[in-house]
Amino acid sequence: MNAHASLARAEPAKPVLIGDHLREWRQRRRMSQLDLAGEAEISARHLSFVETGRAAPSRDMVLRLAERLDVPLRERNVLLVAAGYAPAFPQRTLDDPALRSAREAINLVLKAHEPNPALAYDRHWNLVSANRMVAPLLAGVPPYLLGQPLNVLRLAFHPEGLAPRTVNLAEWAAHLLERLHRQCEATADPELLKLYQDLKSYPIPARSAPITTDNNVALPFKLRLKGEILSFFSTTMVFGTPVDITLSELALETFFPADELTAERMRQMAASMK
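Note that the coordinates shown come from a computational prediction; the quantities given were computed from them, not determined experimentally.

Let us now look at the overall build of the protein chain. From N to C terminus, the protein chain includes 12 helices and five strands. Based on the C-alpha atoms only, the size of the protein chain along its principal axes is roughly 65 × 45 × 35 Å. For the protein chain, buried positions account for 43% of its 274 residues. Contacts in the protein chain between residues at least 24 apart in sequence constitute 59% of all its contacts with a sequence separation of at least 6. Summing over all exposed atoms, the protein chain offers an accessible surface of approximately 14400 Å²; the carbon and sulfur share of this is 55%. Within the protein chain, one finds 33 positive and 31 negative side-chain charges whose respective centroids are separated by 1 Å.

In structure tokens:
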């Protein structure tokens, strides 16, 4: 099944009733009523009644079903409101005093990752923070592309951004699109769906063959900088047990040198910035 068809299924008219919400999420997760009922330890008959509006779920049942369906925290609040209950999960800004320890943890990870680049972004891939090693890699990018909000994926795909400098653009862009597609499937977020369609419109060359790693441990991001090719592989970190919406939607991307040339150049960049 192609990506366009699956994403099209993720854009139906928004449900209003709790039963409609639950049915939509169950179908998105490709679970039968029997499967979900078994996971939530309720009868399939009762779940059917909830989905058709013949029975009203308790607050605990809504949360239990949402957990089994792996519904994002933001959407769990939507389910609760649709069922007539107050939202359970707060959403704070990162400068809220309650998130001070999380903010400090983010800054610690970004700083500790130097001399290699690392950044944090929100659910729509807008840059939240970055360590000082990111800026040198963006030298020469037009200022209008670096304004707020700076969307990491748009910067990667834009013909005046990093796209012309990305040596393995077809493979790297395909990788990023697949990550975004999975995120769209998981969340059905309208802004992510729009971002996915927008990125598909950029003039990115089609991948001519399956992704290969050229003996690397992971697909590298190869960036041409000052006549040399820097090669990185990345890892993504998320908060493990968030109960705040903002934290649950935050990701930290850390880049590691994939070869000795890249490692040496990053060390040199860091030393020149002291």
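Our focus in this paragraph is the sheet that holds strand 1 (residues 118-121). Ordered in space as 2-1-5-4-3, the five strands form an open sheet in which the pairing is antiparallel. Strands at the two margins of the open sheet, each flanked by one partner only, are strand 2 (127-130) and strand 3 (221-225). Neighbour-to-neighbour, the strand axes of this sheet turn through a mean angle of 30°, independent of strand direction. Relative to strand 4 (residues 228-238), strand 3 is paired through five bridges, and the arrangement is antiparallel. In the sheet register, Phe 221 faces strand 4, and the bridge partner there is Phe 232.

A loop of two residues connects strand 3 with strand 4, the two strands running antiparallel in sequence, and Lys 226 in this loop sits at a positive phi of about 55°. Direction of pairing for strand 4 relative to strand 5 (residues 251-257): antiparallel, over a ladder of seven bridges. Note that in strand 5 the partner of Phe 233 across the bridge is Phe 256.

For the rest of this paragraph, the subject is the pattern of salt bridges. Pairs may arise between side chains of opposite charge once their charged atoms sit close together. Under the criterion given, the structure shown has 20 salt bridges. We note a salt bridge from Arg 28 to Glu 24, for which the minimum N-O separation is 3.5 Å. Taken together, the residues Arg 28 and Glu 24, both in helix 2 (residues 18-28) and four residues apart, mark about one turn of the helix. Glu 264 is paired through a salt bridge with Arg 267; the nearest N and O atoms lie 2.9 Å apart. A residue pair is termed a helical-turn pair when its members lie 3 or 4 positions apart in one helix, as Glu 264 and Arg 267 do in helix 12 (residues 260-272) at three residues.

Moving on, we get to the packing of helix 3 (residues 33-40) against helix 5 (residues 59-68). At a minimum axis distance of 9 Å, the contact between helix 3 and helix 5 shows a crossing angle of 115°. When the interaxial angle is binned, helix 3 and helix 5 end up roughly perpendicular. Crossing of helix 3 against helix 5: the hand is right-handed. Packed against helix 3, whose contacting residues are Leu 36, Glu 39 and Ala 40, the element helix 5 presents Arg 64, Leu 65 and Arg 68 at the interface. Looking at side-chain class alone, the contact of helix 3 with helix 5 contains three nonpolar, no polar and three charged residues.

Before going further, it helps to spend a moment on helix 2. Burial analysis of helix 2 places eight of its 11 residues in the buried class, the great majority of the element. For helix 2, every residue scored as buried is listed here: Ile 18, Gly 19, His 21, Leu 22, Glu 24, Trp 25, Arg 26 and Arg 28. Phi turns positive one or two residues past the end of helix 2, at Arg 30, with a value near 55°.

Here Glu 178 is to be found in helix 9 (residues 169-187). A residue is classified by how much of its surface remains accessible, and Glu 178, at 38% relative accessible area, is partly exposed. Separated by 65 residues in sequence, Glu 178 and Val 243 place their C-alpha atoms 27 Å apart.

Further remarks concern the pairing of strand 2. With three bridges joining them, strand 1 and strand 2 adopt antiparallel strand pairing. Each bridged residue has a counterpart across the sheet, and for Tyr 121 the counterpart in strand 2 is Leu 127. Where strand 1 folds back on strand 2, the antiparallel hairpin that results is connected by five residues, among which Trp 125 adopts a positive phi of roughly 70°.

Glancing now at the nonpolar core. In terms of nonpolar packing, the biggest core is built from 41 residues, with Trp 125, Leu 137, Phe 157, Leu 180 and Leu 199 touching the most fellow members. Mapped onto this core, the elements with two or more residues apiece are strand 1, helix 8 (152-157), helix 9, helix 10 (190-200), strand 3, strand 4, strand 5 and helix 12. In terms of residue count, the dominant contributor to this core is helix 9 (seven residues). Those residues in contact with Leu 180, other than ones at most four positions away along the chain, are Trp 125, Leu 153, Leu 192, Leu 195, Tyr 196 and Leu 199. Membership of the second largest hydrophobic core comes to 24 residues, among which are Met 31, Ala 55, Leu 69 and Leu 73.

Quick notes on the rules
Residues numbered from 1 in each chain as written. Predicted model: local features only at pLDDT ≥ 70, side-chain atom pairs only at ≥ 80, totals over all residues. Heavy atoms only, no water. Helix = DSSP H or I, 4+ residues; strand = E, 2+ residues; numbered from the N terminus. Buried < 20%, exposed > 50% of the residue type's maximum accessible area, 1.4 Å probe, protein only. Contact = heavy atoms within 4.5 Å. Areas by Shrake-Rupley, 256 points an atom, 1.4 Å probe, with all protein chains shown as cover. Lys, Arg positive; Asp, Glu negative; His and termini not counted. Charge placed at Lys NZ, Arg CZ, Asp CG, Glu CD. Pairing = 2+ DSSP bridges. Axes fitted to C-alpha atoms, helices over the stretch in contact; angles between N-to-C directions. Salt bridge = Lys/Arg side-chain N within 4 Å of Asp/Glu carboxyl O. Parallel < 35°, antiparallel > 145°, perpendicular 65-115°, else oblique. Left-handed = near helix turned anticlockwise from the far one by under 90°. Nonpolar A, V, L, I, M, F, W, Y, C, P; charged D, E, K, R; others polar. Core = buried A, V, L, I, M, F, W, Y, C linked by side-chain atoms within 4.5 Å.

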